[in-house]
Structures are given as structure tokens and as C-alpha cells.
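A look at the structure
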Amino acid sequence: QVQLVESGGGLVQAGDSLRLSCAASGRTFSGYAMGWFRQAPGKEREFVAAITWSGGSTFYANSVKGRFTISRDNAKNTVDLQMNSLKPEDTAVYFCAAGLTWVLTAASRYDYWGQGTQVTVSS
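Everything numeric here is computed off the predicted structure, so don't read it as measured data.

Conventions and cut-offs
- Residues numbered from 1 in each chain as written.
- Predicted model: local features only at pLDDT ≥ 70, side-chain atom pairs only at ≥ 80, totals over all residues.
- Heavy atoms only, no water.
- Phe/Tyr/Trp six-rings, centres within 6.5 Å; stacked < 30°, edge-to-face > 60°.
- Helix = DSSP H or I, 4+ residues; strand = E, 2+ residues; numbered from the N terminus.
- Buried < 20%, exposed > 50% of the residue type's maximum accessible area, 1.4 Å probe, protein only.
- Lys NZ or Arg CZ within 6 Å of the ring centre and 35° of its normal.
- Pairing = 2+ DSSP bridges.
- Axes fitted to C-alpha atoms, helices over the stretch in contact; angles between N-to-C directions.
- Core = buried A, V, L, I, M, F, W, Y, C linked by side-chain atoms within 4.5 Å.
- Contact = heavy atoms within 4.5 Å.
- Polar contact = N/O pair within 3.5 Å; in protein donor to acceptor, adjacent residues only side chain to side chain.

With that out of the way, let us pick up the packing of aromatic side chains. Taken as a whole, this structure holds six aromatic pairs when the rule is applied. Both rings, one in Y32 and one in Y112, keep their centres 6.0 Å apart while their planes meet at 70 degrees; by these two values the pair is edge-to-face. Placement of the pair is Y32 in the loop between β3 (18-26) and β4 (33-39) and Y112 in strand β10 (residues 112-113), with a sequence separation of 80 residues. The two residues Y32 and Y112 agree in class, both being buried. These aromatic residues form a ring-pair network of at least three members: F37, F47, F95, Y110 and W113. Sitting above the plane of the F95 ring, R45 keeps its charged end 3.8 Å from the centroid.

A separate point is the sheet that holds strand β7 (residues 68-73). Strand order across the open sheet formed by four strands is β1-β3-β8-β7, with antiparallel pairing between neighbours. Taken across any chain shown, the strands that pair with only one partner, and hence form the sheet edges, are β1 (2-7) and β7. Neighbour to neighbour, the strand axes of the sheet diverge by 15 degrees on average, direction disregarded. The pairing of β3 with strand β8 (residues 78-83) spans six bridges and is classified as antiparallel.

Before going further, it helps to spend a moment on the nonpolar core. With 38 residues, the main nonpolar core has L4, M34, W36, V79, L81, M83 and Y94 as its most contacted residues. Setting aside its immediate chain neighbours within four residues, L4 contacts C22, A23, A24, M34, C96, A97, A98, Y112, W113, G114 and Q115.

Moving on to the pairing of β1. Alternating residues of β1 divide into V2, L4 and E6, all buried, and Q3, V5 and S7, none buried. Where β1 and β3 come together, six bridges link them in antiparallel fashion. Residue pairing in the sheet places Q3 in a bridge with S25 of β3.

The next thing to look at is the environment of N74. Here N74 shows up in the loop between β7 and β8. Counting along the chain gives 49 residues from N74 to S25, while the straight-line C-alpha distance between them is 11 Å. Residue contacts for N74: discarding those within four places in its chain leaves F29, S30 and W53. Among the polar contacts listed, one links the side chain of N74 to the backbone oxygen of W53, at a separation of 3.1 Å.

Structure follows, in C-alpha cells:
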């Protein structure tokens, strides 16, 4: 079992930055791929970014590529999402997820989820 707790969400203006953090506890964190997903009101949960267990490879949705950066620290059991140049369309609840999977963009492949943190970007 892996427990995930997100933090760092908030209300910002367009163009601002936020850094989300996900703290993991339980089973060996370093063995899991980690992903960030988001869900806006009335929309399905969508992939944002993911990182392999070693941190050697990262993946991004086209909508955030060049603006968001995912990173992990296996010694601290954390995974972060640095979000720059935020846009109103980035407004959503952001979820951290952990999975023993190589299919990093599919929410169904992740085994554990956090409770989510709200990010609101005003125009």
C-alpha cells in the first residue's frame, strides 16, 4: 500500500507559477512510476505529466509541455510538479498517482491516488 498526499495548490493569476508536491509513504516509493493528472469540473481526468521510477524519463501532455516540469526525490519520497506560465485552462483538481507500470499516460494503469489539490488560475 502507498499513501499519497498532495500539497501546494492555490489561487493564482494567469502567468504565475505554482509548485505542487506529493509526499508518499508506505511501500518502497522508488519502485513506482509517478504521475500527475488533473480533472476540471464536468471533464474527465486527464494526464498531465509522469516520471519513471528512476527519474530517468519524463512525459508530458502537449498542453503543458514547456511550461510544467515533473521531478522526484526517491530519498525524500516526494514527486513535484513545477507549473510555470499558468493559464486559466490549467484550473483543475490535480492528483498524484503511483503505479507499477510502463504505460504512464493512462490513469487506469496507476494503483494509488492522492486526494487531490485544487489549482485555480484567474485571467
